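For reference, the chains in residue letters:
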Amino acid sequence: MTTATYDSIQIGDELPALQLPPVNRTTLALFAGASGDHNPIHIDTDFARKAGMPDVFAQGMLGMAWLGRLVTGWVPQAQLRRFDVRFLGITHLGHVVSCSGEVLRLQEVDGERQAVLEIRSVNQFGETRIAGEAVVALPNTESKR
Amino acid sequence: MIDKKWIGHELPASVLPIERTRLQFFAKAIGETDSVYTDAAAARDAGYPDLPAPPTFLFAAELDSGASNQLLDDLQIPLSKLLHGEQSFSYHRPACVGDTVTVRSTVSDIYDKKNGALEFVVKTSRATNQRDELVAEMRTVIVCRH
């Protein structure tokens, strides 16, 4: 992939959006195993209902991992400096999540040029599920990954 | 109410070996298709010694070790009332297959909102590798809903 550079991007530039498939139980079970988060509220409907939820729901860190894909799909992970999110709403079964991001500002820290990205995931109803920021280092000139 | 005596509590260290099949499973689970995360040759072409752990993967360390669940038990937060409020990572160097990462966490704050209807626990963590180099710093806010 050809990487974004400090000279090639501007404030307000949008990252290519990442569209996820509808959340289903298989996705949640796989993520439970892979992430080590075995909290039954995400994989066991009986447990979720006893806890007062309508059904199982997505792990917050699954949604954060999707936002990670958004960012590392735009710049190589080695350039990622910070990744901060707030979980604003539960992602339920059937939610169709899309991740988006845009360049909020450009900065220079300890001689390194960086872009601060505003990142967000929303469901098909336009409700924000996760919002946050990522900071990525940007090379000065075009380079091939 | 969560006892504020836990502020300053240090969790036992959690050791997470970064393993190829686990990273490939994680990539599948999050729908990651970039070969850098699944194919060692592609990772080497991208400048890594082997597959890199994706940005959020190190959160697994304290889940695998049981340190996270032990903390919830200590604080008397049932899983049925647990929500994840915020999560931050700052990155210092990659963790790749073959590395062993150790995560050490401290409970840095406990507070409540809405007259105790929501309680918050802030955990700050440092992840180092087998050479004792800093890999990442993490900050987690967990929420107990009543």
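(A) The confidence of the model for chain B, seen in detail. For chain B, the mean per-residue pLDDT works out to 97, and 100% of the residues sit at or above 70. Here the prediction assigns the complex a pTM of 0.96, and the interface score ipTM is 0.97.

(B) How the structure looks around the nonpolar core. Trp66, Leu67, Leu70 and Val71 of chain A together with Leu58 and Val101 of chain B are the most contacted members of the largest nonpolar core, which totals 62 residues. In terms of residues, this core owes the most to one element, helix H3 (residues 60–72) of chain A, which gives 8 residues. In this view, leucine 67 of chain A contacts Val85, Cys99, Ile119, Ser121 and Ile130 of chain A; residues no more than four positions away in its chain are not counted.

(C) Seen up close, the packing of helix H1 (residues 25–35) of chain A against helix H1 (residues 20–30) of chain B. At a minimum axis separation of 9 Å, H1 of chain A and H1 of chain B run at an interaxial angle of 150 degrees. With respect to each other, H1 of chain A and H1 of chain B are oriented roughly antiparallel. The crossing of H1 of chain A and H1 of chain B is left-handed. For the pair H1 of chain A and H1 of chain B, the contacting residues are Leu30, Phe31, Gly33, Ala34 and Ser35 of chain A in the first and Phe25, Phe26, Lys28, Ala29 and Ile30 of chain B in the second. Residue classes in the contact of H1 of chain A with H1 of chain B are distributed as 7 nonpolar, 2 polar and 1 charged.

(D) Here's a closer look at H3 of chain A. End to end, H3 of chain A covers 19 Å across 13 residues, agreeing with the expected 18 Å (1.5 Å per residue, within 8%). The element H3 of chain A is largely enclosed, with a buried count of 13 among its 13 residues.

(E) Main features of the interface of chain A and chain B. Counting residues at the interface gives 35 residues for chain A and 29 residues for chain B. Looking at the side of chain A that touches chain B residue by residue, the class counts come to 18 nonpolar, 9 polar and 8 charged. Across 5 bridges, the pairing between strand S2 (residues 80–87) of chain A and strand S2 (residues 82–91) of chain B is antiparallel. Residue pairing for S2 of chain B: aspartate 84 of chain A is matched across the bridge by serine 88 of chain B.

(F) Region of interest: the pairing of strand S4 (residues 118–128) of chain B. All names here are of chain B. A one-sided burial pattern is seen for S4, the buried positions being Glu119, Val121, Lys123, Ser125 and Ala127 and the unburied ones Leu118, Phe120, Val122, Thr124, Arg126 and Thr128. With 11 bridges connecting them, strand S3 (residues 100–113) and S4 associate as antiparallel partners. Residue pairing for S4: threonine 106 is matched across the bridge by threonine 124. If you look at the hairpin formed by S3 and S4, you'll find 4 residues sitting between the two strands, and lysine 114 has a positive phi there, around 55 degrees. Examined bridge by bridge, S4 and strand S5 (residues 134–145) share 11 bridges and lie antiparallel to one another. Within S5, the position partnered with leucine 118 by the bridge is arginine 145. From the end of S4 to the start of S5, which pair antiparallel, there are 5 residues, and aspartate 132 there has a positive phi angle of about 65 degrees.

(G) Structural view of the environment of alanine 58 of chain A. All names here are of chain A. Structurally, alanine 58 is set in the loop between helix H2 (45–50) and H3. Judged by C-beta crowding, with 21 C-beta atoms within 10 Å, alanine 58 ranks as buried. Residues alanine 58 and cysteine 99 lie 41 residues apart in sequence; the distance between their C-alpha atoms is 15 Å. Those residues within four positions of alanine 58 in sequence are excluded, and the remaining contacts are Val23, Leu28, His42, Gly63 and Thr91.

(H) Spotlight on the pairing of strand S4 (residues 112–122) of chain A. Residue and element names in this part refer to chain A. Examined bridge by bridge, strand S3 (residues 98–109) and S4 share 11 bridges and lie antiparallel to one another. Residue pairing for S4: glycine 101 is matched across the bridge by isoleucine 119. Here S3 hands over to S4 after 2 residues, with aspartate 110 in that stretch at a positive phi of 50 degrees. One ladder, built from 9 bridges, connects S4 with strand S5 (residues 128–137); its direction is antiparallel. Looking at the pairing, valine 122 lines up with threonine 128 of S5.

Reading guide: rules and limits
- Residues numbered from 1 in each chain as written.
- Chains lettered and ligands numbered in written order.
- Predicted model: local features only at pLDDT ≥ 70, side-chain atom pairs only at ≥ 80, totals over all residues.
- pLDDT = per-residue confidence, 0-100.
- Core = buried A, V, L, I, M, F, W, Y, C linked by C-beta atoms within 7 Å.
- Buried ≥ 20, exposed ≤ 12 C-beta atoms within 10 Å, placed from the backbone.
- Helix = DSSP H or I, 4+ residues; strand = E, 2+ residues; numbered from the N terminus.
- Contact = placed C-beta atoms within 7 Å.
- Axes fitted to C-alpha atoms, helices over the stretch in contact; angles between N-to-C directions.
- Parallel < 35°, antiparallel > 145°, perpendicular 65-115°, else oblique.
- Left-handed = near helix turned anticlockwise from the far one by under 90°.
- Nonpolar A, V, L, I, M, F, W, Y, C, P; charged D, E, K, R; others polar.
- Expected span 1.5 Å × (residues − 1).
- Pairing = 2+ DSSP bridges.

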